[in-house]
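One letter stands for each residue in the lines below.
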Amino acid sequence: MCIRDSNTAAQDEQNVAGVWGADYDGVWHLDETVVDGDNTGIHFDSAGDNDGLQLNNDDVAGRISLGQQFDGANDYITIPDSDGFTYGDGLTDSPFSLSAWISTNGANKEIIVSKENASEAASEWVFYIEDDSKLHFWIYDSDGDYISVKADDVFPTDGFHHVTATYSGEHDPLVDPDAMKIYVDGKEIETTRVDGGAGDGNYDLVSNTTEPVRIGSYDDTVSYTHLRAHETRGNL
């Protein structure tokens, strides 16, 4: 980082491409000004061309600049399906992470970001706060089986916090018992591994579906989120 005070001759050395490198599959700052209840706002992807569409959400003061508020009724952002958000090639899973700045009152189930459907067999992954007020991170295969971790402690409700979910790509807990992790404000938190599902209960490989990525919901009709979010990212 270079800081030059009152040097009008200093050259602009910003390097946007270098900041959001090839490892980022999507970066949505969510700092756009939108009209509450409208469906025409665009949330730009700083890492590529996967722009998101506003669906009723409203801009609000964020942790840095503006963020977006989801009122729990019918607000969310949708990003078209892309194979870049499917973290596997049908033979092996790929490592990936999801992160965001969020603020919540902890009163309801809060979907942070997902590529999920109401049907587990049509889902890929989801990072959210469950009704138990704890962070959860799930990954699904094409049979509807899943691997997941959930936080041992409830999520804080005292303003914005940075949350991250990571997956090493190794689904077998005997090979890598720490394959799935959750971080809050840069610190790994204690979690409990929970696997299961609608198939035979044995997760195989991450599913490749046509579901869009959604911020604030896991389906077009259910589970809307009452939280504030910005700086949402997904990357290999």
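Placed above this text is the structure.
Residues numbered from 1 in each chain as written. Predicted model: local features only at pLDDT ≥ 70, side-chain atom pairs only at ≥ 80, totals over all residues. Heavy atoms only, no water.

Caption draft 1: Representation of the side chain of His 161. Along the chain, His 161 turns up in strand β12 (residues 161-167). On the basis of relative accessible area, His 161 is assigned to the buried category, the value being 10%. In terms of polar contacts, His 161 uses its side chain to reach the side chain of Asp 158, at 2.5 Å. Beyond its immediate sequence surroundings of up to four residues, His 161 is in contact with Ala 100, Trp 101, Ile 102, Phe 155, Pro 156, Val 184 and Asp 185. (Helix = DSSP H or I, 4+ residues; strand = E, 2+ residues; numbered from the N terminus. Buried < 20%, exposed > 50% of the residue type's maximum accessible area, 1.4 Å probe, protein only. Polar contact = N/O pair within 3.5 Å; in protein donor to acceptor, adjacent residues only side chain to side chain. Contact = heavy atoms within 4.5 Å.)

Caption draft 2: Geometry of the pattern of salt bridges. Inspection of the entire model under this criterion finds 4 salt bridges. Of the charged contacts, one joins Glu 211 and Arg 214 as a salt bridge, the two residues approaching to 2.9 Å between their closest N and O atoms. Arg 214 shares its class with Glu 211; the two are buried. (Salt bridge = Lys/Arg side-chain N within 4 Å of Asp/Glu carboxyl O.)

Caption draft 3: View of a nonpolar patch on the surface. On the surface, a nonpolar cluster with roughly 240 Å² of combined accessible area is contributed by Ile 42, Phe 44 and Leu 53. Note on placement: Leu 53 falls in strand β3 (residues 52-55). Here Leu 53 falls in the partly exposed class, since its relative accessible area comes to 31%. (Patch = residues over 30% accessible without salt bridge, like charges linked within 9 Å, V, L, I, M, F, W, Y side chains within 5 Å. Areas by Shrake-Rupley, 256 points an atom, 1.4 Å probe, with all protein chains shown as cover.)

Caption draft 4: Structural detail: the environment of Leu 98. Relative to the helices and strands, Leu 98 is located in strand β7 (residues 96-104). With relative accessibility at 2%, the residue Leu 98 sits in the buried group. On a C-alpha basis, the gap between Leu 98 and Thr 164 in space is 5.5 Å, while along the polypeptide they are 66 residues apart. Ignoring sequence-local partners within four residues, the contact set of Leu 98 consists of Val 113, Trp 125, Phe 127, Phe 137, Val 163, Thr 164, Ala 165, Arg 233 and Gly 234.

Caption draft 5: Representation of the packing of aromatic side chains within the structure. Inspection of every chain in the model, using the stated rule, returns 11 aromatic pairs. Centre to centre, the rings of Phe 127 and Phe 137 are 6.2 Å apart; their planes meet at 70 degrees, and the pair counts as edge-to-face. Separated by 10 residues along the polypeptide, Phe 127 in strand β9 (residues 125-129) and Phe 137 in strand β10 (residues 135-140) bring together distant segments of the chain. Residue Phe 127 is classed as buried on the basis of its relative accessible area, which comes to 0%. (Phe/Tyr/Trp six-rings, centres within 6.5 Å; stacked < 30°, edge-to-face > 60°.)

Caption draft 6: Looking closely at empty space enclosed by the protein. What the rule picks out here adds up to 1 cavity of 30 Å³ or more. If you add up the space inside the largest cavity, you get close to 30 Å³. Around the largest cavity, the lining residues are Trp 28, Phe 85, Tyr 87, Leu 98, Val 113, Trp 125, Val 213, Arg 233 and Gly 234. Of the residues that constitute the lining of the largest cavity, the class distribution is 7 nonpolar, 1 polar and 1 charged. (1 Å grid on protein atoms, 1.4 Å probe; cavity = no way out; pocket = protein on both sides within 12 Å on 5 of 7 lines; lining within 4 Å. Points joined across faces, edges and corners; volume = space filled by probe spheres on them. Nonpolar A, V, L, I, M, F, W, Y, C, P; charged D, E, K, R; others polar.)

Caption draft 7: Up close: the nonpolar core. Of all hydrophobic cores here, the largest spans 35 residues; its most connected members are Trp 125, Phe 127, Leu 135, Phe 137, Ile 139 and Tyr 167. If one sorts the elements of this core by residue count, β7 sits on top with 4 residues. Residues contacting Phe 127, with those up to four places away along its chain left out, are Leu 98, Ile 111, Ile 112, Val 113, Leu 135, His 136, Phe 137, Val 163, Thr 164, Ala 165 and Ile 182. (Core = buried A, V, L, I, M, F, W, Y, C linked by side-chain atoms within 4.5 Å.)

Caption draft 8: Spatial organisation of the sheet that holds β10. Read across the open sheet, the 9 strands follow the order β2-β3-β6-β16-β8-β9-β10-β11-β15; overall the sheet is antiparallel. One side of each edge strand has no neighbouring strand; the edge strands of this open sheet are β2 (42-43) and β15 (191-197). Strand direction decides the pairing type here: β2 and β3, joined by 2 bridges, are antiparallel. Opposite Ile 42, over in β3, you have Leu 53 as the bridge partner. (Pairing = 2+ DSSP bridges.)

Caption draft 9: Spotlight on unusual backbone geometry. Despite not being glycine, Leu 30 has its phi angle at roughly 60 degrees, a positive value. Here Leu 30 shows up in the loop between β1 (24-28) and β2. The exposure class of Leu 30 is buried, given its relative accessible area of 0%. Even without being glycine, Ser 133 reaches a positive phi, approximately 65 degrees.

Caption draft 10: Main features of the pairing of strand β11 (residues 145-151). Most of β11 is tucked away, with 6 of its 7 residues classed as buried. Relative to β11, β10 runs antiparallel, the two sharing 5 bridges. Paired with His 136 across the strands is Lys 150, a residue of β11. Between β10 and β11, which pair antiparallel in sequence order, lie 4 residues; one of them, Gly 144, sits at a positive phi of approximately 90 degrees. Here β11 pairs with β15 via 7 bridges, running antiparallel. By the bridge assignment for β15, Lys 150 is matched with Thr 192.

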